[in-house]
Amino acid sequence: MLDIKLLRNDINAVAEQLARRGFELDVDKFQALEDKRKILQTATQDLQNQRNTRSKAIGQAKAKGEDIQPLLAEVADLGDQLKAAEQKLSELQAEIDSIVMGIPNLLDESVPEGNSEDDNVEISKWGEPTQFDFEPKDHVDLGLSHGWMDFEAASKLTGSRFVVMRDGMARLHRALIQFMLDTHTAEHGYKEVYVPYMVNEESLLGTGQLPKFAEDLFKLEGGQKGEQNYYLIPTAEVPVTNLVRGEIVPGDDLPMKYTAHTPCFRSEAGSYGRDTRGLIRQHQFEKVELLHFVKPDDSMQALENLTRHAEIILEKLELPYRKVILCAGDTGFSASKTYDLEVWLPGQDTYREISSCSNMKDFQARRMQARFRNEAGKPALLHTLNGSGLAVGRTLVAVVENYQQADGSIRIPQALQAYMGGLEDLTI
RNA sequence: GGAGAAGUGGCCGAGAGGCCGAAGGCGCUCCCCUGCUAAGGGAGUACAUGGUUUAUCCCGUGUCGAGGGUUCGAAUCCCUCCUUCUCCGCCA
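This is a predicted model, so every value here is computed, not measured.

J.: Could you give me a rundown of the nonpolar core, with the residues and numbers involved?
T.: Among the nonpolar cores identified, the biggest contains 49 residues, and Leu 176, Met 180, Leu 314 and Leu 319 are the most heavily contacted of them. Sequence-distant contacts of Leu 319, defined by excluding residues within four places in its chain, comprise Trp 126, Leu 314, Val 343, Thr 395, Ala 398, Val 399, Asn 402 and Tyr 403.

J.: So, the pattern of salt bridges: which residues are in play, and what are the values?
T.: Per the stated rule, a full pass over the model turns up 19 salt bridges. Between Asp 150 and Arg 166 there is a salt bridge, with its nearest N and O atoms 2.7 Å apart. Residue Asp 150 is found in strand β2 (residues 149-150), and its partner Arg 166 is found in the loop between β3 (164-165) and α8 (167-187); the two are separated by 16 residues along the sequence. Here Lys 323 ties to Glu 304 by a salt bridge, and the two come within 3.8 Å at their closest N and O atoms. Linking Lys 323 in strand β10 (residues 321-325) with Glu 304 in helix α11 (residues 299-316), this pair joins segments that are 19 residues apart in sequence. A residue is classified by how much of its surface remains accessible, and Glu 304, at 27% relative accessible area, is partly exposed. Via salt bridges that share partners, Glu 304, Arg 308, Glu 311, Glu 315 and Lys 323 belong to a single interconnected network.

J.: Would you mind going over the sheet that holds strand β12 (residues 350-361) in detail, with residue names and values included?
T.: In spatial order, the strands read β1-β10-β11-β12-β15-β9-β8-β4; together these eight strands make up an open sheet with mixed pairing. Unpaired on one side and paired on the other, β1 (121-126) and β4 (191-192) mark the two borders of the sheet. With nine bridges joining them, strand β11 (residues 337-345) and β12 adopt antiparallel strand pairing. Across the sheet, the residue bridging to Glu 342 is Glu 353, located in β12. Taken strand by strand, α11 contacts β1, β8 (256-265), β9 (284-294), β10, β11, β12 and β15 (383-391), and its axis lies near 10° from that of β15.

J.: Any chance you could break down the environment of Glu 342 for me, citing the residues and the numbers?
T.: In this structure, Glu 342 sits in strand β11. Each C-alpha atom, one on Glu 342 and one on Arg 277, is 18 Å from the other, the two residues being 65 residues apart in sequence. For Glu 342, the residues in contact, after removing those within four places along its chain, are Pro 320, Tyr 321, Arg 322, Val 324, Tyr 351, Arg 352, Glu 353 and Ile 354.

J.: With reference to specific residues and values, describe the packing of α8 against helix α13 (residues 392-402).
T.: Contact pair α8 / α13: the axes reach a minimum separation of 10 Å and the direction vectors enclose 115°. Where α8 crosses over α13, the two elements pack in a sense that is right-handed. Contact residues: Met 169, Leu 172, His 173, Leu 176, Ile 177 and Met 180 in α8; Val 392, Gly 393, Thr 395, Leu 396, Val 399 and Val 400 in α13. Partitioning the contact of α8 with α13 into residue classes produces nine nonpolar, three polar and no charged.

J.: A description of the side chain of Thr 395 should follow, citing residues and the corresponding values.
T.: Following the sequence through the fold, Thr 395 ends up in helix α13. Ignoring any residue separated from it by four or fewer positions in sequence, one finds Thr 395 in contact with Leu 176, Met 180, Leu 317, Leu 319, Ile 354 and Leu 390.

J.: Lay out the side chain of Arg 161 with the relevant residues and their values.
T.: Relative to the assigned elements, Arg 161 resides in the loop between α7 (151-157) and β3. At 6.0 Å, Glu 268 is the nearest oppositely charged side chain to Arg 161, a buried residue that forms no salt bridge. For Arg 161, the side chain forms a polar contact with the main-chain oxygen of Arg 281, separated by 3.0 Å. Not counting chain neighbours up to four residues away, the residues in contact with Arg 161 comprise Ser 271, Tyr 272, Gly 273, Arg 274, Asp 275, Thr 276, Arg 281, Gln 282, His 283 and Gln 284.

J.: Summarise the pairing of β9; cite the residues concerned and give the values.
T.: It is a general feature of regular strands that their side chains alternate between the two faces of the sheet. Within β9, 10 of the 11 residues are buried, which leaves it mostly tucked inside the rest of the structure. Relative to β9, β8 runs antiparallel, the two being bridged by 10 bridges. Looking across to β9, one finds that Pro 263 is bridged to Glu 286.

J.: For unusual backbone geometry, give the residues involved together with the corresponding values.
T.: A cis amide bond links Leu 254 to the next residue, Pro 255, at an omega of 0°. Topologically, Pro 255 is positioned in the loop between β7 (248-250) and β8. Of the consecutive residues Gly 389 and Leu 390, the connecting peptide bond is found in the cis state with omega at 10°. Inspection of the secondary structure assignment puts Leu 390 in strand β15. Even without a glycine there, the phi angle at Arg 161 is positive, about 65°. According to the relative accessible area criterion, Arg 161 is buried, its value standing at 12%.

Reading the values: rules and limits
- Residues numbered from 1 in each chain as written.
- Chains lettered and ligands numbered in written order.
- Predicted model: local features only at pLDDT ≥ 70, side-chain atom pairs only at ≥ 80, totals over all residues.
- Heavy atoms only, no water.
- Core = buried A, V, L, I, M, F, W, Y, C linked by side-chain atoms within 4.5 Å.
- Buried < 20%, exposed > 50% of the residue type's maximum accessible area, 1.4 Å probe, protein only.
- Contact = heavy atoms within 4.5 Å.
- Salt bridge = Lys/Arg side-chain N within 4 Å of Asp/Glu carboxyl O.
- Helix = DSSP H or I, 4+ residues; strand = E, 2+ residues; numbered from the N terminus.
- Pairing = 2+ DSSP bridges.
- Axes fitted to C-alpha atoms, helices over the stretch in contact; angles between N-to-C directions.
- Left-handed = near helix turned anticlockwise from the far one by under 90°.
- Nonpolar A, V, L, I, M, F, W, Y, C, P; charged D, E, K, R; others polar.
- Lys, Arg positive; Asp, Glu negative; His and termini not counted.
- Polar contact = N/O pair within 3.5 Å; in protein donor to acceptor, adjacent residues only side chain to side chain.

Structure, rendered in structure tokens:
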């Protein structure tokens, strides 16, 4: 959520900024609503003031034993007026809120212009695309031929875009998770957290998945109390970031760095026909997430650090990758600046996204009222960041494809061997 | 799942229709006193938001778990929900 004051004072500059990412802000509509709000709110508060003053007078008169009937007559219709005014104001406020909640974050100055992923800019490259002296297969062929991946079984159990993994592949998948968590906690200073995989609506509003992107989520029916409906998390970003929702943390506690492994559930609405083959785009996948809560001045540096922590996983696994900065049109709703890490996939003969690291600045914090006590002792919004470190399913794909041998076996990266009981190869 | 109890500022805790944004204590900040230590005295100390503009000040409004209701007036009374605790049951 953007600062409402910024919208009131400098809406044209905001609109101009948002146009960079292709978002059109209806300036006239917003200002018309704001003008109405100002008048209505002043009037309402004036009525409230009258009510309070007169009620107080009644109380004092009563205490002195005076006759309060004349006073009561004076306030007779005040209540109805007030109720009507409050009603109108809250309707108007709701309308303004829904507009404001639908406005994306302002982009950082360093974000390049552009409309789509084709305009993203490569920042750096690590390693070279893996060379083979045979025709490399993609992970689906490799997985199927050994019975390691079973998409048919998964579709029987559930449906399309799920997988069953068996034997060494299932273990390799698990090993990756342990390896990533251990690296981030032992070497990068993160605290590990375990969080719910279902969250309520407030949490999704806080991180920005709602109200705009409901169709991307799995919403649960039944089994929950009251009228509250739960959602499956689309990323650990939601539960972990919401840990600070409504909190005022001591300034000395910042920066806070958390890592969490969770499954992620995405409906992938609107992506029909894309990446239907294999593990690239599943309804359920595992991810190890990195999150920072920092003071505003530190967030740009924190984004560099966080991205670097994700890069190190790829380097330890010796997987060639490149780092790109997302252009204005490709940067996500809540993000101010995003780096994607793209790993080399021989099966697709291209780089594919494996991590996305973003600085949300105060956008999520404002929605969540996540604050810290600054030097002056006053509460101030903190900054939130998150990134994948890494997407486990896609990392598995990268390992399988880059480490494949001519005979169809998979070499196990050095860094993972300890997590595989010393195993050096996955063979049939 | 059943029975009961409770949610008040950074923390503890009083408050039971009006004089309550809220006693008192702890903590924190500033000042005074004190040779050091320990102790003592004084002042200040919630958040959001409107007027209102970078900010301060001032005035107003809202907030005592959340949302409704009763009332001229609600932390206080009523209803619904959420959460926590205790006991019982069930369970990985």
